[in-house]
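Close look at the chain arrangement
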Amino acid sequence: MPKYQKIAVVKEIESPENPGGLENRVALIPTDVAKIVAGGAEVFVEYGAGEGVGFSNQEYLDAGAKLQESDEIYKNKDLILKFKGPAMQSIAEMNPTTTLFCMAHFHSYPERAKLLQDSRINVIAMEEVLESPKSQTDEHILSRIAMAAALEPFLGNNTIGALDIRVIGYSERLAGSVRRAGNRDPRSLEVLQADLRFDELDVTGENSLYYYDSTTFADPNNILDKLRAAGSHLFDLAEYERLHAAAEIANYRESHPPYEFGLRRIQALHETGQAGARFGMKLLKENKPELDLRNAKAVVLGYGNVGRGAIHEIYDHGVKAIHVLGRTHTTKGHIKYWLKNADIIVNGAEQPAHLRGKNFLIKNEHLKEIIPDGSVVIDLVGGSETNRSPVEPVINCTFLTEPSFVQDGVSVAALWGWPMMGFMRETAIKYSGQITDVLINKERLLDGLEELKPNLQKALVCGPFY
């Protein structure tokens, strides 16, 4: 039997990160509640908890849950499941030593953090739970090692800093290659539409590398022969896969034992990037109706999961070329070059805690001096006054009540919970499956605090209290 016997699934209400109560997602959907009940725990669901994303009270009853009103749902529970952090008034209703499992963002709301601490509430932050050990699919390894092979000659002769890398097309098979390329500090890195003509390409010759996947890129405009004739370097992921994949993937796994911790276990980071970029493109179209979006200058800072989601979305909007910036490009001496005259800028670059509020990648002066009026800055990282974003204009996250603001003629948005923009039900289902996996499968959180796996110990941001 699980240690946590009485589990609450509570409804999202107005809270510090949910003004207006517009966040409607729920931590567990009915099919996942049924799995928890089958494991021997009682699940109490607040009336209406799932209605905002299309799950009725009756579906929860059919799954074996018991329904409770808001004035009962927090009381006498071993474990409380909530999507966003709690409202201040809800904390008083929790029993001391109860465990709260939610998106806590503990350091962004110090007043609430202190109240939880003083109330002796154990808080496990969903956003802090990492894979343990880190896992990688064969496809992801392939994309990394293929790009590494493509770059080997340039790293070997120390010309990587002069290399312009162009990735033709975009897909999951190419996503890891973009990340590996960015980590190697080339002169420039862009993702190009697959239907560009040769005369639309901005670089050719020995300092250019065109990387593509012939399983999806049919070369409709016959640019590969022209690039080859111009002296550009070409690399086909599919050809590398056919000749080398099996042996090289095996070698990689043997020589790269997994790290103790990997990526977030409970996340919708790709959807975050997609939603942010989608909103940004909508704003851009409204701000600059005369602009052909295909010709927009699009800049994405970072190439992690959220950055790649943004690249994916901007690519799907047909933008010809997406500038992808890594560490070298975002340094003080270089970033102005990339931000100048940009139409849409998406920040997916995180910074370590000690740099937050001290080092800004996109500065107020950039909005004033080099980013044109009507352009859009989308921040996917977010933050608060005590946990600042790398985007200086963003002092606090924006919310659905007012998702963007204008500063020096530039529209800026840093929404708290980007997937609420069109991905609410989809991500509720995704999150619920991930939460359930942590509860009853890999980490078995339901076994209690005494049995916490290392990745859950790291995510225990308040406690332990017994």
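Below, the structure is looked at part by part. Since the model is a prediction, treat every value here as computed from it, not as a measurement. (Residues numbered from 1 in each chain as written. Predicted model: local features only at pLDDT ≥ 70, side-chain atom pairs only at ≥ 80, totals over all residues. Heavy atoms only, no water.)

1. Describing helix α6 (residues 172-183)
Structurally, the α-helix is built with 3.6 residues per turn, so residues lying three or four positions apart point the same way. Note the threshold: In DSSP terms, a helix is any run of H or I states spanning at least four residues, a strand is any run of E spanning at least two, and both are numbered starting from the N terminus. Each helix should span, by expectation, one fewer than its residue count multiplied by 1.5 Å. Residue exposure (1.4 Å probe, protein chains only): buried if accessible area is under 20% of the type maximum, exposed if over 50%, otherwise partly exposed.
The end-to-end C-alpha distance of α6 is 18 Å, a good match for the 16 Å that 12 residues give at a rise of 1.5 Å each. For α6, the tally of buried residues reaches nine of 12 residues, placing the bulk of the element in the interior. Those residues of α6 that fall on the buried side of the exposure criterion are R173, L174, A175, G176, S177, V178, R180, A181 and G182. Phi for D185, located one or two positions after α6, is positive at around 55°.

2. Some thoughts on the sheet that holds strand β1 (residues 6-9)
As a reminder of what qualifies: DSSP bridges decide pairing: two strands pair if at least two such bridges lie between them. Geometry is summarised by axes, namely lines fitted to C-alpha atoms with helices restricted to the contacting stretch, and by angles between N-to-C directions that run from 0 to 180 degrees. When checking whether two residues touch, look at their non-hydrogen atoms; a contact exists if any pair is within 4.5 Å.
On the basis of which strands lie adjacent, the open sheet formed by seven strands has the order β3-β2-β1-β4-β5-β6-β17 and mixed pairing. Strands at the two margins of the open sheet, each flanked by one partner only, are β3 (66-68) and β17 (460-462). Strand-to-strand, the axes of this sheet are offset by a mean angle of 30°, without reference to chain direction. One ladder, built from four bridges, connects strand β4 (residues 79-84) with strand β5 (residues 99-103); its direction is parallel. Residue L79 lies in a different strand from β5, and its bridge partner there is T99. Sheet strands in contact with helix α13 (residues 424-440) are β4 and β5, and its direction is about 145° off that of β5.

3. Here's the deal with the side chain of K288
The residue K288 is located in the loop between α9 (269-287) and β11 (298-301) in this model. The residues touching K288, leaving out its near neighbours within four places in the chain, are D343, P372, D373, G374 and S375.

4. A closer look at unusual backbone geometry
For the bond running from S132 to P133, omega is 0°, close enough to zero to count as cis. Secondary-structure assignment places P133 in the loop between β6 (122-125) and α5 (138-156). Between G463 and P464 the backbone carries a cis peptide bond, its omega angle lying at 10°. Within the secondary structure layout, P464 lies in the segment after β17. For N158, which is not a glycine, the phi torsion comes out positive at approximately 60°. Mapped onto the fold, N158 is located in the loop between α5 and β7 (164-168). Even without being glycine, D408 reaches a positive phi, approximately 50°. Since its relative accessible area comes to 36%, D408 is described here as partly exposed.

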